[in-house]
Every structure is written in structure tokens, then in C-alpha cells.
Amino acid sequence: MVAKKPEHPMVVFTGIKEFTIVQRSLNKDNLYGCVEFPKSVLTIDPSQCIEDYKGTLLHEICHIGFELYGLGEDEDMPQLGNEFLTTVTSNMIQQLATLNKELFEFIFDSAK
């Protein structure tokens, strides 16, 4: 039995460009997710449990955000590696958003 792929919008908007989200196995690459900046593609392995999938999706979106602000390469952040900062940031956001759902809904609500 094949597990159903998570359903969500399949594009990340940055205000400058769009990144298409592709769900496919990344087992051969030993990855859970990755961003190909020249192609504007975020690929995520849908075989993860839903909690890990959401964390990976947020993690890869953080990579996109850091790239937008000139922090895409480890050498751009001499005191702190990009992978470490991305992992810490995505874990922090996921944890706080889970623990403070109503507050985060309020913060991110775009209704006027």
C-alpha cells in the first residue's frame, strides 16, 4: 500500500520569484529535502512521517529565505554554518508554532 502524499500548495512565493515544490523519493541521494536554486525547485521526500515532512518542508523554505538575504553559503556566515542555523531555525519555528497555535495564526493571519 502506497501512502498518500501530503497535500498542500506546491509553490513557495518569495516576492521575487517562485519555487516549485516537487514530491519524490530522495533515498538514492540520502536526503529528505533539497533546493535547487538555479531551477527554483524545492524537492521533498513524501515518504517521511507527517511531522518530519513538515519539519523538512520548513527547513528547505528556510534555506530559500537565507539565500534571499545573502546567507545561502556557509562562507557567507563565518561564525555559524548555514545547515546548523537552518536546522535550529526550522526546529524553533515548528516547535513554537505547535505550542502557540493561536498566537502564530494571529501573527501570520493576512486578513485585514
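For the structure, see preceding data.
To start, this report covers the structure provided alongside it.

Turning our eyes to something else, we now look at the packing of aromatic side chains. Within a pair of aromatic rings, the relevant descriptors are the distance that separates the centres and the angle that separates the planes. The tally for this structure, following the rule as stated, stands at 1 aromatic pair. With centroids separated by 5.9 Å and ring planes inclined at 85 degrees, the aromatic side chains of F19 and F37 adopt a geometry described as edge-to-face. Placement of F19 in strand β2 (residues 18-23) and of F37 in the loop between β3 (33-36) and β4 (41-44) is noted, with a sequence separation of 18 residues between them.

Another aspect to go through is the pattern of salt bridges. Counted according to the given criterion, the structure contains 2 salt bridges. We note a salt bridge from E7 to K4, for which the minimum N-O separation is 2.9 Å. Each member of the pair E7 and K4 is classed as exposed. Notably, a salt bridge pairs E36 with K39, separated by 3.5 Å at the nearest N-O pair.

What counts, and where the lines are drawn
- Residues numbered from 1 in each chain as written.
- Predicted model: local features only at pLDDT ≥ 70, side-chain atom pairs only at ≥ 80, totals over all residues.
- Heavy atoms only, no water.
- Phe/Tyr/Trp six-rings, centres within 6.5 Å; stacked < 30°, edge-to-face > 60°.
- Helix = DSSP H or I, 4+ residues; strand = E, 2+ residues; numbered from the N terminus.
- Salt bridge = Lys/Arg side-chain N within 4 Å of Asp/Glu carboxyl O.
- Buried < 20%, exposed > 50% of the residue type's maximum accessible area, 1.4 Å probe, protein only.

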